[in-house]
Amino acid sequence: MSLARYRFVLIRPLQLLPVLLGISIITFVLVRSIPGDPARVLLGARSTPDAIQKIRAQFGLDEPIWVQYLYFLKNLLNGDLGKSLLYKVDALPLIASRIEPTLMLVLGSVALALLIAVPLAILAARSKGGWADNLIRLFTTAGLGLPAFWLGLMLILLFSVHWGLFPVSGYGRTWADKLHHLVLPCLTIALALSAVLVRNLRASILLEMQADHVTAARARGLGEGAILRRHVLPNSMVPTINLLAVNIGWLISGTVVIESLFSLPGVGQLLVRGIFTRDYMVVQGVAMVLACATVAVNFLADVATTVLDPRVKIQ
Amino acid sequence: MTTPLLQVRGLSVIARTGQRDITLVDRLSFDLGEGEILGLVGESGSGKTLACRGLMRLLPAPNLRVEGQSVRLAGHDLLQLDEAGMRRLRGRELGMIFQNPSSHLDPLMRIGEQIAEGIRLHQGASRREARAEAIEVLRQVGIPDPQSRVDNYPHEFSGGMRQRAMIAVALGCNPRVLIADEPTTALDVTVQAQILRLLLELRDRRGLSMILISHDLGVVAQTCDSIAVMYAGRLCEHGAKHEMLARPRHPYSAGLLACHPAAQPEAVRMTTIAGQPPLLDDLPAGCRFESRCPQAMPLCRQQLPELLEASPGHRLACHTPLLAGGLS
């Protein structure tokens, strides 16, 4: 009966292929249109025309661009993103080794943002127009307005330098150590993200409190707490999940700033260094990974919406 | 006569707008006996729905408030109870069903769970008992195959089935009085008849008392024992159904009856009552129906008629009632 609603779970990944193909072409061309020659960057002061030519031949950079692209595609099908010009290793394992910190950063930020946003939105909605609501509005305005790098710096100053509670930068070795390092970067992102979520969720809750089915629930004697938990929140979470998905997509590319600020050895940092050194293979590899992640998040949001709302049927 | 199950005395609903109070429902008084079905009739905006919302103390806006002498039900005065006490009575003593079943059921919750919610709350039943009870209630309201339907969501039901489901949600709490606010207005005619028959059945089987709000005299004529007519926030006539239909005494009641299409099978133009009801923030000093009344006298303009017993069991608020015999 309702399993048909989940058929898109099987079909959607196939629709992903043309998207990824498009992204690969765009990044391939864009990376190569940045002025500068990777061979020259690599050799630095020691560059001679001969050495540059040798490097270019070695990485296939002397071929026409469309031949390079076809090679890239052929290798991609074999799970090979090419060799990093800078690190002289395969790009794929290099990127793979950097995924964990970024993934942890994103997951931690989203979890923290929800932990902050849901209670605040409920509080704001219930005290609509009161001092708590106004205070929370002040918080969301600040969260939306303050740039992430500045907020991050302030958090470092306060929590790391002044109170010494969390490390200034870097990533740990053990899990506990890693989590300890992740608190401040996650908090930086979560504060901005929760500001967006609080506004949206508060509005949804207020709208839902006026809904007819909530009046019906009151008419059968349900208390306000049970109504909020069982009827208002589930209904107001549906639009918020979609907003969250859009923002996670934005956040995945936004981690670049935070990773640089906190020296987290993640994908974003790799990307920045790759761009500066004209490390074509790494840049297009990271771009592909980030694109996949963004598409995957939206896919997960579709699944979540479908699970939550029995009326939804995604084609 | 035994004491009635529900006794309403002087119930008013008042809106605060800026500095001024506007009385939307004006000193409503009536009794509802055990197993009685009272039809509350009147045009849109006459205060029928608001009066019943006031009874449940579930007013749709924060600037509305309830005042009055007393509303007695099951040994409680509903006007004296605090919110927690009122909440204990809602559902269990006083259930409510609504005009639009589609919007009054939670779209994200299974029908069975919505029924079970009230059962668990009011009867302290376990999850499993509540589910079994929910299936039983669904069967009682005539849902076919209740064992599997109990796990459906509202959007998987048709309009008539949704109305049955909403009745089931209210019945799950096992109330003594059911307020039905235009329960058939959103349904097509055949389904309408089925739902009305269901309400009558429930009254017979459970001894349920009902207040049936409707603007459709046909609906009221089919189901009710007594009829109360509201106009511009006030009760103008209240009596037994047969009296009211055969010999209405208030000119407004008579006008309503005359407007019913069934009363004028061969008319080319439908009869209407000329004019508009008065604005509630600009009420005349006298009778509120005076400007539209074919019977009006000078006194009607000066003095608001009180609702008085005209004959045993028949109350009337009119200075110039029609004679017992129909339109003069």
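Not measured: the values here are computed from a predicted model.

This part covers the overall build of chain B. Assigned secondary structure in chain B consists of 12 helices and 13 strands. Principal axes of the C-alpha set define a box for chain B whose edges measure 65 × 50 × 40 Å. In chain B, which comprises 328 residues, the share counted as buried stands at 45%. At a minimum sequence separation of 6, the contacts of chain B that also span at least 24 residues come to 63%.

To continue, consider the domain arrangement of chain A. Put simply, an interface is often sized by how much accessible area is lost when its parts join up. Residue and element names in this part refer to chain A. Domains assigned within chain A are domain 1 (8-77) and domain 2 (98-308). Placing the centre of domain 1 and that of domain 2 at their C-alpha centroids yields a distance of 33 Å. Taken together, the 17 residues of domain 1 in the interface contact 14 residues of domain 2. Of all the secondary structure elements, the ones that give two or more residues to the side of domain 1 that touches domain 2 are α1 (8-33) and α2 (38-43). Among the elements that line the side of domain 1 that touches domain 2, the one with the most residues is α1, at 12 residues.

Each partner contributes residues to the interface: chain A has 17 residues there, and chain B has 26 residues. When residues of the side of chain A that touches chain B are traced back to their parent elements, those giving at least two are α9 (212-219) and α10 (224-261) of chain A. With 6 residues, α9(A) is the single largest residue contributor to the side of chain A that touches chain B. Residue composition of the side of chain A that touches chain B, by class: 6 nonpolar, 6 polar and 5 charged.

Turning next to helix α8 (residues 175-209) of chain A. Spacing of three or four residues puts side chains on the same side of an α-helix, whose turn is 3.6 residues. Between its first and last C-alpha atoms α8(A) spans 42 Å; for 35 residues at 1.5 Å apiece the expected length is 51 Å, and the helix comes up short by more than 12%. The principal kink in α8(A), of about 40°, is found at A:L182, preceding the proline A:P185 by one to four residues.

As annotated in UniProt, the feature "domain: ABC transporter" (unreviewed entry) corresponds to residues 8-257 of chain B in the numbering used here. Helix makes up 41% of residues 8-257 of chain B and strand 26%, whereas the separation of the span's terminal C-alpha atoms amounts to 26 Å.

Residue and element names in this part refer to chain A. Mapped onto this numbering, the UniProt entry gives "transmembrane region" (unreviewed entry) at residues 16-34, 102-123, 135-159, 179-198, 240-262 and 282-301. Helix and strand shares over residues 179-198 are 100% and 0% respectively, and the end C-alpha atoms of the span are 25 Å apart. Here residues 282-301 is 100% helix and 0% strand, with 28 Å between the C-alpha atoms at its ends.

Ranked by internal contacts, the top residues of the largest apolar core, which has 152 residues, are A:V286 and B:L212. At 16 residues, the largest contribution of residues to this core is made by helix α5 (residues 91-126) of chain A. Ignoring sequence-local partners within four residues, the contact set of A:V286 consists of A:I95, A:V267, A:L270, A:L271 and A:G274.

This part takes up the UniProt feature "domain: ABC transmembrane type-1" (unreviewed entry) in chain A. In this numbering, the UniProt entry assigns the feature "domain: ABC transmembrane type-1" (unreviewed entry) to residues 99-301 of chain A. Counted over residues 99-301 of chain A, helix gives 84% and strand 0%. Its end C-alpha atoms are 21 Å apart.

With that out of the way, let us pick up the confidence of the model for chain B. For chain B, per-residue confidence averages 90 on the pLDDT scale, and residues scoring 70 or more make up 98% of the total. Two summary scores accompany this predicted model of the complex, namely pTM at 0.84 and ipTM at 0.89.

Residue and element names in this part refer to chain B. Where helix α5 (residues 127-140) meets helix α7 (residues 159-172), the closest approach of the two axes is 9 Å, and the angle between their N-to-C directions is 130°. With respect to their mutual orientation, α5 and α7 come out oblique. For the pair α5 and α7, the crossing hand works out as right-handed. Only A168, L171 and G172 of α7 make contact with α5, whose side of the interface consists of E133, A134, V137 and L138.

It is worth spelling out the packing of helix α4 (residues 111-123) of chain B against α7(B) at this point. Residues and elements named next belong to chain B. Orientation of α4 relative to α7, taken along the N-to-C sense of each, is 25°, at an axis distance of 7 Å. By the angle between their axes, α4 is roughly parallel relative to α7. Considering the relative orientation of α4 and α7, their crossing is right-handed. Here α4 contributes I111, Q114, I115, G118 and I119 to the contact with α7, which in turn contributes A165, A168, V169 and G172.

Before going further, it helps to examine the pairing of strand β10 (residues 226-231) of chain B. Regular strands place side chains that alternate from one sheet face to the opposite one. Residue and element names in this part refer to chain B. Counting buried positions along β10 gives 6 out of 6 residues, so the element sits mostly inside the fold. Side chains of β10 alternate between two faces, with S226, A228 and M230 and I227, V229 and Y231 buried alike. Two strands pair when backbone bridges link them, and strand β3 (residues 37-41) and β10 are joined in this way by 4 bridges, in the parallel orientation. For G39, the partnering residue across the bridge sits in β10 and is I227. Bridge analysis of β10 against strand β11 (residues 234-240) gives 6 bridges, and the strand direction is antiparallel. Each residue of the ladder has a partner; that of M230, found in β11, is L235.

Residues and elements named next belong to chain A. Relative to the assigned elements, M154 resides in helix α7 (residues 148-162). We classify M154 as exposed; it has 12 C-beta atoms within 10 Å. Counting along the chain gives 34 residues from M154 to T188, while the straight-line C-alpha distance between them is 9.5 Å.

Another point: the sheet that holds strand β13 (residues 314-316) of chain B. Within a sheet, adjacent strands bond to each other through the backbone by hydrogen bonds, running parallel or antiparallel. Residues and elements named next belong to chain B. With mixed pairing, the 8 strands of this open sheet are ordered in space as β7-β8-β9-β3-β10-β11-β13-β12. Strands with a single pairing partner mark the edges of an open sheet, and in this sheet they are β7 (94-97) and β12 (308-311). Here the strands of the sheet are splayed against their neighbours by 25° on average, with no regard to which way each runs.

Take the environment of A:P101 next. Residues and elements named next belong to chain A. Within the secondary structure, P101 sits in helix α5. In this structure P101 comes out as buried when scored by C-beta crowding, with 24 C-beta atoms within 10 Å. Along the sequence, P101 and L264 sit 163 residues apart, while their C-alpha atoms lie 6.9 Å from each other. Setting aside chain neighbours within four positions, we find P101 in contact with Y171, L264, P265 and G266.

Residue and element names in this part refer to chain B. Looking at where G207 falls in the secondary structure, it is placed in the loop between α8 (189-206) and β9 (209-214). Overall, G207 belongs to the exposed group, with 11 C-beta atoms counted inside 10 Å. Between the C-alpha atom of G207 and that of T17, which follows or precedes it by 190 residues, the distance is 41 Å. For G207, the contacting residues outside a window of four places in its chain are E34 and G35.

Here is what the cut-offs are and how they apply
- Residues numbered from 1 in each chain as written.
- Chains lettered and ligands numbered in written order.
- Predicted model: local features only at pLDDT ≥ 70, side-chain atom pairs only at ≥ 80, totals over all residues.
- Helix = DSSP H or I, 4+ residues; strand = E, 2+ residues; numbered from the N terminus.
- Buried ≥ 20, exposed ≤ 12 C-beta atoms within 10 Å, placed from the backbone.
- Contact = placed C-beta atoms within 7 Å.
- Domains from an automatic or database assignment.
- Nonpolar A, V, L, I, M, F, W, Y, C, P; charged D, E, K, R; others polar.
- Expected span 1.5 Å × (residues − 1).
- Bend = angle between axes of the 7 residues up to and from the residue.
- UniProt positions renumbered as here; feature names shortened; annotations may be inferred.
- Core = buried A, V, L, I, M, F, W, Y, C linked by C-beta atoms within 7 Å.
- pLDDT = per-residue confidence, 0-100.
- Axes fitted to C-alpha atoms, helices over the stretch in contact; angles between N-to-C directions.
- Parallel < 35°, antiparallel > 145°, perpendicular 65-115°, else oblique.
- Left-handed = near helix turned anticlockwise from the far one by under 90°.
- Pairing = 2+ DSSP bridges.

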